[in-house]
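The chain contents come next:
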Number of protein chains: 2
Amino acid sequence: MRVAVLGTGMVGQAIAGKFRDLGHDVQVGSRAAGEGKVAFADAAAHGEVVFNCTSGAGAVDAVSAGAEHLDGKLVVDVSNPLDFSSGAPAMFTDTTDSLAERIQRAVPAARVVKSLNTINASVMVDPSSVAGDHVVFMAGDDAGAKEELRALLGEFGWPPERVIDIGDLTGARGAELYVLLWLRLMNATGSPTFNIAVNRSASASNTQ
Amino acid sequence: MRVAVLGTGMVGQAIAGKFRDLGHDVQVGSRAAGEGKVAFADAAAHGEVVFNCTSGAGAVDAVSAGAEHLDGKLVVDVSNPLDFSSGAPAMFTDTTDSLAERIQRAVPAARVVKSLNTINASVMVDPSSVAGDHVVFMAGDDAGAKEELRALLGEFGWPPERVIDIGDLTGARGAELYVLLWLRLMNATGSPTFNIAVNRSASASNTQ
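Residue positions are counted from 1 within each chain, in the order its sequence is given. Working convention: letters from A go to chains and numbers from 1 go to ligands, in the order in which they are written. Residue-level local features of this predicted model are given only where pLDDT is at least 70; pairs of side-chain atoms are given and counted only at 80 or more, and the full residue set underlies all totals for whole chains, interfaces and linings.

**A few points about the interface of chain B and chain A**
The interface is formed by 45 residues belonging to chain B together with 45 residues belonging to chain A. Mapped by element, the contributors of at least two residues to the side of chain B that touches chain A are strand S7 (90-91), strand S10 (163-165), helix H7 (172-189) and strand S11 (194-200) of chain B. The residue makeup of the side of chain B that touches chain A, split by class, is 20 nonpolar, 20 polar and five charged. Two residues qualify as a contact pair if the distance between their C-beta atoms, derived from the backbone, is within 7 Å. We count a stretch as a helix when DSSP gives it H or I for four or more residues in a row; a strand needs E for two or more, and each element gets its number in order from the N terminus. Lys, Arg, Asp and Glu make up the charged group, whereas Ala, Val, Leu, Ile, Met, Phe, Trp, Tyr, Cys and Pro make up the nonpolar group; the residues left over, Gly among them, are polar.

**With respect to the sheet that holds strand S2 (residues 25-30) of chain A**
Each strand in a sheet pairs with another by means of backbone hydrogen bonds, the pair being arranged parallel or else antiparallel. Residues and elements named next belong to chain A. Here we have eight strands laid out as an open sheet, ordered S3-S2-S1-S4-S5-S8-S9-S10, and mixed in their pairing. Where the open sheet ends on each side, the last strands, each with one partner, are strand S3 (37-39) and strand S10 (163-165). For this sheet the average axis-to-axis angle between neighbouring strands, irrespective of direction, equals 30°. Here, strands pair whenever DSSP counts at least two bridges between them. Summarising the sheet, strand S9 (residues 136-140) and S10 pair through three bridges and their orientation is parallel. Residue pairing for S10: Met138 is matched across the bridge by Asp165. Lines fitted to C-alpha atoms define the axes here, with helix axes fitted over just the stretch in contact, and angles between the N-to-C directions of these axes take values from 0 to 180 degrees. On top of the sheet, helix H1 (residues 10-21) reaches strand S1 (2-6), S2 and strand S4 (49-52); it is set at about 165° to S2, its chief contact.

**Topic: the relation of the copies chain B and chain A**
What relates the two chain copies is a rotation about an axis together with a slide along it. What sets the superposition is a least-squares fit of C-alpha atoms, and only residues with pLDDT of at least 70 in both copies go into it. Laying chain B over chain A is done by rotating through 180° and shifting 0.0 Å along the axis; what remains is an RMSD of 0.0 Å. Taken together, these values place the two copies in the relation of a two-fold axis. Looking at chain B, 100% of its interface residues are interface residues in chain A too, so the copies touch through the same face.

All we've got here are geometric facts, nothing functional implied.
In structure tokens:
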């Protein structure tokens with residue numbers, strides 16, 4: 001499969017590396033082409049599926065750069081709208097919007113799914129590095145796009161029942177805002193190598 | 001112990017009922033005194049510890065009503081700044097503030113701790129109703145107040161290692177904003193009787 005990864009930071013490197021290890025044809029997009037990278041628009045043209053792994057502040061521009069190449073494509077938004085300008089971690093979105101929705105509005109013909117943004121890069125591509133039945137979320141308006149993503153996450157090592165569909169793309173609001181709690185949990189646990197599980201009723205048959 | 005519970009909804013009922021079952025002397029505060037309830041200020045005067053279980057919109061006023069009685073007291077804020085006026089669940093705070101911080105500013109001599117707001121009322125007071133090592137968070141500026149709360153949560157059935165200290169009161173931002181994800185998880189799991197666990201590195205000795 002031809003994969004585009006937008007962004008050259010830790011998340012982009014982890015996801016591009018994993019897809020290469022799995023034998024896929026990966027192009028990494030950056031603001032400027034260079035060593036092993038192409039421009040955002042060229043990566044978008046290459047990919048049958050596009051992972052946006054840019055920093056939040058650059059995400060809409062990065063995806064929009066390839067808008068003409070994204071019609072009908074699965075665009076997985078992994079970015080977070082983090083804003084440290086106040087001196088404390090905050091979001092540049094308010095709670096009635098999300099970065100994933102902004103991206104979807106910028107490229108309305110793409111099929112945007114929010115996912116993986118709640119997990120450290122190393123855990124995204126190696127879920128066995130964390131103990132137990134921890135989970136990854138996905139939110140998006142296109143049911144088919146979410147099932148395509150569930151299959152790709154399966155290649156990463158995520159069993160299908162641990163990929164939790166949290167509904168339409170407005171579900172990205174909660175998934176993004178959770179990152180402020182994630183940062184506190186990283187401090188509390190002393191490591192970014194953790195993730196949350198969703199434990200159910202002790203009397204239910206679907207108990208984890 | 002003398003306990004004040006502000007609020008007569010499901011959360012207030014669950015917490016007041018649990019403290020009564022445990023043999024404590026509980027007064028429930030409401031906007032107006034009546035059947036089994038006193039005014040907010042009278043409850044605050046009664047309690048050695050105060051649990052704010054009001055709706056988010058009324059929380060600052062409810063706690064402030066008893067301000068003169070709260071000096072040095074542990075005030076546990078269980079409320080959430082939910083705002084449904086846009087048609088979708090959102091918060092009336094932005095991501096650089098929290099309802100718990102607003103309450104602390106309104107009663108600066110109290111020792112405010114945010115806790116329990118991430119869990120359904122029934123699970124708050126009966127953690128064994130959910131399977132596994134799920135957790136409850138606490139955020140506050142006073143270390144002693146957090147340890148007092150950890151002991152009270154122990155009476156509810158929460159083992160001390162499952163009460164996660166997420167730092168100073170600004171940690172309430174993430175804990176409150178997580179509630180938007182919680183609402184999606186309730187839809188995904190089909191029940192409010194669930195909670196999250198924090199799973200750690202599979203290679204760490206502190207694996208859950």
